[in-house]
Amino acid sequence: MISLNMVWPAIYVYDEIWRFWFLVFVTIIIETFTIMAMLKYSLQKSLIASIVGNLVSGLIGTFVMMWAMLFWHLIADNFVPHATFDIINWVATYVLMCLGSVLIETFTIKLIFKETIKKLFIPLLIGNLLTYGFIAYSMMTSSDKDENIKRTEYIFYSPTPNNFILLDSTKLQIVTAKTEVLYDEKDSVLNTTYPLKIHFKKEKPDNFQFELRLSGEEDAGGIEVDKKIIQLDKLSDTVNIVLEQKNPDPNKGWTAPIITDTIKFVKSQVKQK
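Residues numbered from 1 in each chain as written. Predicted model: local features only at pLDDT ≥ 70, side-chain atom pairs only at ≥ 80, totals over all residues. Heavy atoms only, no water.

Things to note about the overall build of the protein chain
And then number 1: Helix and strand content of the protein chain: five helices and eight strands.
And then number 2: Mapped in sequence order, the helices and strands of the protein chain form the string α-α-α-α-α-β-β-β-β-β-β-β-β.
And then number 3: When the backbone C-alpha atoms are referred to their principal axes, the protein chain occupies close to 65 × 55 × 35 Å.
And then number 4: Expressed as a percentage of its 273 residues, the buried residues of the protein chain come to 41%.
And then number 5: Accessible surface, the protein chain: about 15200 Å² in total, of which carbon and sulfur atoms supply 61%.
And then number 6: With 27 positive and 29 negative side-chain charges, the protein chain shows a spacing of 3 Å between the two charge centroids. (Helix = DSSP H or I, 4+ residues; strand = E, 2+ residues; numbered from the N terminus. Buried < 20%, exposed > 50% of the residue type's maximum accessible area, 1.4 Å probe, protein only. Areas by Shrake-Rupley, 256 points an atom, 1.4 Å probe, with all protein chains shown as cover. Lys, Arg positive; Asp, Glu negative; His and termini not counted. Charge placed at Lys NZ, Arg CZ, Asp CG, Glu CD.)

Written as structure tokens, this is what we have:
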């Protein structure tokens, strides 16, 4: 996840695209045969067009569209019920990022093969729909409980300290944190990692003026409006989390964050479900 002072849905989509980078090979194959069928190109020409297009789309297109979605949020967030992370914005993110990436890919191939945008767009769209469709499905089902899960154990942690005055003089309260252990019917642990969900309240809900990261880790990753999820490799009775704040110097900002506190999360209770 990209470490920023604000987040929006496109960051998560971008991160998932890179997590499933191997899908590009399937996309290239499908696009190659689609281009051959619809544009009557040779196999070699179709393959070159697909490879070049997907390299541009993957390396440049997705990154550009991730940032371009900010312009969408400047307008749309004022009209949807739950602002940035409303379901409408999630749908718009998939659709617009896909179409934008396809357009960038289309213009690139147009310059190489001197083909019209009208003829190129549909064949290239088919391949990209596969990638974005898979990413959407993956993100929608990632939080679903696996059919093998027979028992869940919730482990709660209490933070010390839990109240802070941030560098911009606003208040922050760390409410609680919890993770879960999943067991199968043989009572064996299914977890490979343990997502520690830290819930907090801040005086300025829409400002991302701080980050939370695991002590010893260099990258903080993304943070949401009211919670932070940190992946733990193993369980322990105590977890140390660093509170990192945006540098008040406008010339430094997040390029030189300031570490102000270390929060100790101590296991407080365990609940079964």
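Still more ground to cover, so stick around.
Focus: the side chain of Q245
And then number 1: Mapped onto the secondary structure, Q245 falls in strand β7 (residues 238-245).
And then number 2: For Q245, a relative accessible area of 3% translates into the label buried.
And then number 3: A distance of 2.7 Å separates a polar side-chain atom of Q245 from the backbone nitrogen of L167.
And then number 4: With near-sequence residues (within four places) excluded, Q245 lies in contact with L166, L167, Q209, F210, W254, P257, I258 and T260. (Polar contact = N/O pair within 3.5 Å; in protein donor to acceptor, adjacent residues only side chain to side chain. Contact = heavy atoms within 4.5 Å.)

Section: the packing of aromatic side chains
And then number 1: Counted according to the given criterion, the structure contains nine aromatic pairs.
And then number 2: Seen in terms of ring centroids, Y12 and W90 are 6.4 Å apart; in terms of plane orientation they differ by 50°. Their pairing is tilted. Pair noted here: Y12 is in helix α1 (residues 9-19) and W90 is in helix α4 (residues 87-113), with a separation of 78 residues, a long-range link.
And then number 3: Plain terms: the ring middles of Y14 and F63 are 6.1 Å apart, the flat faces sit at 65° to each other, and that makes the pair edge-to-face. One end of the pair, Y14, is in helix α1; the other, F63, is in helix α3 (residues 43-76), and 49 residues separate them in sequence.
And then number 4: A relative accessible area of 38% places F63 in the partly exposed class.
And then number 5: A connected cluster of aromatic rings, assembled from ring pairs, spans W8, Y14, F63 and W67.
And then number 6: Sitting over the face of the ring of Y41, K45 holds its NZ or CZ atom 4.1 Å from the ring centroid.
And then number 7: Between K202 and the ring centre of F208, over which it is positioned, the NZ or CZ distance is 4.3 Å. (Phe/Tyr/Trp six-rings, centres within 6.5 Å; stacked < 30°, edge-to-face > 60°. Lys NZ or Arg CZ within 6 Å of the ring centre and 35° of its normal.)

Points about the pattern of salt bridges
And then number 1: Summed over the entire model, instances satisfying the criterion amount to five salt bridges.
And then number 2: Here K228 ties to E211 by a salt bridge, and the two come within 3.2 Å at their closest N and O atoms. A residue pair is termed long-range when its members are at least 10 positions apart, and K228 in strand β6 (residues 227-232) and E211 in strand β5 (residues 210-214) qualify at 17 residues. With respect to class, K228 is no different from E211; both count as buried.
And then number 3: One salt bridge in this structure joins E244 and R213, with 3.0 Å as the shortest N-O distance. Taken as a pair, E244 in strand β7 and R213 in strand β5 lie far apart in primary sequence, 31 residues in all.
And then number 4: Given the relative accessible area of 9%, E244 is considered buried.
And then number 5: On the accessibility criterion, R213 (10% relative accessible area) is buried. (Salt bridge = Lys/Arg side-chain N within 4 Å of Asp/Glu carboxyl O.)

Describing the nonpolar core
And then number 1: Counting 53 residues, the largest nonpolar core has I174, I198, L212 and F265 as the members making the most contacts within it.
And then number 2: With seven residues, helix α5 (residues 117-141) is the single largest residue contributor to this core.
And then number 3: Aside from chain neighbours lying at most four places away, what touches I174 is P159, N162, F164, I198, H199, F200, L212, I263 and F265. (Core = buried A, V, L, I, M, F, W, Y, C linked by side-chain atoms within 4.5 Å.)

A few points about the packing of α3 against α4
When two helices pack together, their arrangement is given by the angle between the helix axes and by the axis-to-axis distance.
And then number 1: At their nearest, the axes of α3 and α4 sit 6 Å apart, and the two run at 140° to each other. If you check the angle between α3 and α4, you find them oblique. For the element pair α3 and α4, the recorded crossing hand is right-handed. (Axes fitted to C-alpha atoms, helices over the stretch in contact; angles between N-to-C directions. Parallel < 35°, antiparallel > 145°, perpendicular 65-115°, else oblique. Left-handed = near helix turned anticlockwise from the far one by under 90°.)

Points about a negative patch on the surface
And then number 1: There is a patch of like negative charges on the surface, built from E217, E218, D219 and D233.
And then number 2: Position of D233 among the secondary structure elements: in the loop between β6 and β7.
And then number 3: Looking at D233, the relative accessible area reads 67%, which means it is exposed. (Patch = residues over 30% accessible without salt bridge, like charges linked within 9 Å, V, L, I, M, F, W, Y side chains within 5 Å.)

Let's talk about helix α2 (residues 23-39)
And then number 1: Taking 1.5 Å as the rise per residue, α2 with 17 residues should run 24 Å; its terminal C-alpha atoms sit 23 Å apart, in good agreement.
And then number 2: Residues of α2 that are buried: L23, T27, I28, E31, T32, T34, I35 and L39.
And then number 3: Following α2 by one or two positions, K40 has its phi on the positive side, about 60°. (Expected span 1.5 Å × (residues − 1).)

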